[in-house]
Amino acid sequence: MPENNEIDEILKELRQKDTKPNTTENINFSFNTPDDSNDNNNYNNFDIITDSFHNNNNTIYTASEDDERPKKRNKSSKSKDKKLKPVIIAIIAVLVMAIAGTCAYLVWAKNKDTEPETKTEPTTVSTTAAVKIINPLTGTDNYNNAAVGKRPVACVVENAYAARPQWGIDSEKNAPDIIIEGEVEGGETRMLWMYADYTSLPEQIGPMRSARPPFIRFSQLFDSIFIHWGQSTSKDNYVGADSVFKTENIDHINQMAYNDKFNLFGRDSSRGVSSEHTGVLYGKNLEKAINDTGFRTDTDESKFSSFSFNEKETTVGQTACASIGIKFSSNTKTRDWTYNAEDKMYHCTDYLTDVERKNILVLFDTTSYIVKSDYKGSGNSETYCDYTLAGGSGKLASMGTVTDITWSVNNGTIKITDTNGKEINLNPGKTWIGWASSNKGGTAETV
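Residues numbered from 1 in each chain as written. Predicted model: local features only at pLDDT ≥ 70, side-chain atom pairs only at ≥ 80, totals over all residues. Heavy atoms only, no water.

1. Details of the packing of aromatic side chains
In plain terms, the rule: Put simply, two rings from Phe, Tyr or Trp (the six-membered ring, in Trp's case) pair if the centres are within 6.5 Å, and we call them stacked under 30 degrees between planes, edge-to-face over 60, tilted for the rest. Only DSSP runs of H or I reaching four residues or more are called helices, and only runs of E reaching two or more are called strands; each is numbered from the N terminus. Only protein chains enter the accessibility calculation, which uses a 1.4 Å probe. A residue is then buried if its area is under 20% of the maximum for its type, exposed if over 50%, and partly exposed in between. Distance and angle both matter: a charge sits over a ring if NZ of Lys or CZ of Arg is within 6 Å of the ring centre and within 35 degrees of the ring normal.
Taken as a whole and assessed by the stated rule, the structure comprises 13 aromatic pairs. Here the aromatic rings of Trp 337 and Trp 432 are separated by 5.4 Å at their centres, their planes lie at 50°, and the arrangement is tilted. With Trp 337 in strand S13 (residues 334–340) and Trp 432 in strand S23 (residues 431–437), this pair connects stretches of sequence that are 95 residues apart. Accessibility expressed as a relative area gives 0% for Trp 432, which makes it buried. The aromatic ring of Trp 167 is capped on one face by Arg 271, whose charged end is 3.9 Å from the ring centroid.

2. Here we look at helix H5 (residues 286–293)
What counts, and what does not: The arc in question is the one spanned by the directions pointing from the helix axis to the C-beta atoms. Here a residue-residue contact requires only that any non-hydrogen atoms of the pair lie within 4.5 Å.
Every buried residue of H5 is listed here: Leu 286, Ala 289 and Ile 290. Buried residues in H5, looked at end-on, bunch into an arc of 95°, giving them a common side. In this structure, the buried side of H5 is in contact with strand S3 (153–158), strand S6 (225–228) and strand S7 (252–254). Phi for Gly 294, located one or two positions after H5, is positive at around 80°.

3. Comments concerning the layout of surface pockets
Here is the rule: Here a cavity means grid points, on a 1 Å grid over the protein atoms only, where a 1.4 Å probe fits yet cannot get out; a pocket means an open set of points with protein on both sides within 12 Å along at least five of seven lines; lining residues are those with an atom within 4 Å of a point. Grid points are joined across faces, edges and corners, and a volume is the space filled by probe spheres set on the points. Classification used: nonpolar for Ala, Val, Leu, Ile, Met, Phe, Trp, Tyr, Cys and Pro, charged for Asp, Glu, Lys and Arg, polar for all others including Gly.
What the second largest pocket holds in volume is close to 690 Å³. Forming the boundary of the second largest pocket are 31 residues, of which Glu 172, Lys 173, Ala 175, Asp 177 and Lys 430 lie nearest the centre. Per-element accounting of the lining of the second largest pocket gives the leading share, 3 residues, to strand S15 (residues 355–357). The residue makeup of the lining of the second largest pocket, split by class, is 8 nonpolar, 9 polar and 14 charged.

4. Some thoughts on the sheet that holds strand S12 (residues 323–327)
Remark on secondary structure: sheet strands pair via backbone hydrogen bonds, oriented parallel or antiparallel. Short version of the rule: The pairing criterion is simple: DSSP has to find at least two bridges between the two strands. For helices, the axis comes from a line fit to the C-alpha atoms of the stretch in contact; other axes are also lines fit to C-alpha atoms, and the angle between any two N-to-C directions lies between 0 and 180 degrees.
In spatial order, the strands read S15-S14-S13-S12-S24; together these 5 strands make up an open sheet with antiparallel pairing. Pairing within the sheet leaves two strands with one partner each, and these edge strands are S15 and strand S24 (443–446). Averaged over all pairs of adjacent strands, the angle between their axes in this sheet comes to 25°, without regard to strand direction. Direction of pairing for strand S14 (residues 345–348) relative to S15: antiparallel, over a ladder of 3 bridges. Looking across to S15, one finds that His 347 is bridged to Glu 356.

5. Thoughts on the pairing of S3
S3 sits mainly inside the fold: 6 of its 6 residues count as buried. With burial as the criterion, each face of S3 is covered, one bearing Val 153, Cys 155 and Val 157 and the other bearing Ala 154, Val 156 and Glu 158. Here S3 runs beside strand S5 (residues 189–195); their pairing, made up of 6 bridges, is antiparallel. Bridging across to S5, Val 153 finds its partner in Tyr 195. Bridge analysis of S3 against S6 gives 3 bridges, and the strand direction is parallel. Its bridge partner lying in S6, Ala 154 is registered against Phe 226.

6. As for the side chain of Asn 427
Note the following rule: What qualifies as a polar contact is a pair of N or O atoms within 3.5 Å, subject to a donor-acceptor requirement within protein and to the restriction that residues adjacent in sequence count only when both atoms come from side chains.
Mapped onto the elements of the fold, Asn 427 is located in the loop between strand S22 (425–426) and S23. The buried category is assigned to Asn 427, whose relative accessible area is 0%. Here the side chain of Asn 427 touches Thr 314 through a polar contact of 2.7 Å, landing on its backbone oxygen. The contacts of Asn 427, once residues within four sequence positions are left out, are Thr 138, Phe 309, Asn 310, Lys 312, Glu 313, Thr 314, Val 316, Lys 358, Asn 359, Ser 398 and Met 399.

7. A closer look at unusual backbone geometry
A cis amide bond links Arg 164 with the next residue in sequence, Pro 165, at an omega value of -10°. Inspection of the secondary structure puts Pro 165 in the loop between S3 and strand S4 (178–183). A cis amide bond links Gly 206 with the next residue in sequence, Pro 207, at an omega value of 0°. Secondary-structure assignment places Pro 207 in the loop between S5 and helix H3 (213–220). You will see that Asp 374, though not glycine, has its phi angle at about 50°, which is positive. You can see Asp 374 is positioned in the loop between strand S17 (367–372) and strand S18 (382–387). Since its relative accessible area comes to 32%, Asp 374 is described here as partly exposed.

8. A few points about H3
Side chains that are three or four residues apart share a direction in an α-helix, a result of its 3.6 residues per turn. Of all 8 residues in H3, 6 are buried, a share of seventy percent or more. When H3 is considered as a whole, its buried residues turn out to be Pro 213, Pro 214, Phe 215, Ile 216, Phe 218 and Ser 219.

What follows is the structure, encoded as structure tokens:
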């Protein structure tokens, strides 16, 4: 905008012109002025006329509509001109100020348009990638956040023909995360069902059965709380589960020694089978029972076998595996699993229901048979199968393929690698582990 002193200079110049009527400027003014004595005149404004022809005497003329040229005014009109001059100067001053204001506005508008735009720093939105809560036994997400870092539970479930189909084995929502199956005695197998979150068991699982030393040790590979209905006892050269619980300080709940104030155990006689096949555990009451025992509930990572999982499902080997059949020893029947390419799962109907698993893991271990005489005072002997957890070879089947693996137990945890010693990844999902005998006729046949 123009400075105030510039306007002051313009006004000063105009005032100087007013005080110097005889200026030698080359501009002549001619006005149409109203005639004071004539009310009917039609002149209501003035004209500025520049005429170099009459410039010599600075003569001021009035113009008439009939005149071809201005007529010379008489001296009496000079007084009127003198009165009008201040008015004219004031008008010119107003015009000058208006022009100055307009110029100032134009300058301001131009500057405004050319002003550099204020740079607005981009707003940084702090985002945190969603953290997936992973089930440590399956590698799958959508896991219960409250169960993170908590110990799993391992429940002993029988597999005699009269016990099938087991309650909870095919639960759509809460099937066991890991099923471990191995030989016990008489050519029969037994299972250990493992749940990472002990607050999310099926309503009812079972039939629950008694503990065996190898199954206690399977459980301890995952720092689990062990739950069972009865136990084998030591006699002769046989070291039973009762001795293992005492000497190895195992956290366990035995229905036969448990003060069941939370209604954790019960019987289901709806199948019409003998009582040893009717014992069940009510999943919804397990959390209260564990809290009441005072057991450590936080996982000891140094005692927990942490499997590695692929981020996405993938084949585990170059060899196709449409089916795999496992014999735990030469004394047992075969457990058959068949791959379904549609759901990418292995299925087994040996349990008299459809059980599905993402990973089939076979571990060959050295076994021995130990005889205990006079079983339960019957005069008959009982022969138990014992696993040494010495490590060895095995197979992993997943996504319709199979590969050879090697396994070992180090400092109480299990490690699985390929035959070159590289760690093996499982696919995210539930796993079945068959603990087979490497020296008593155990096999794993694939097609």
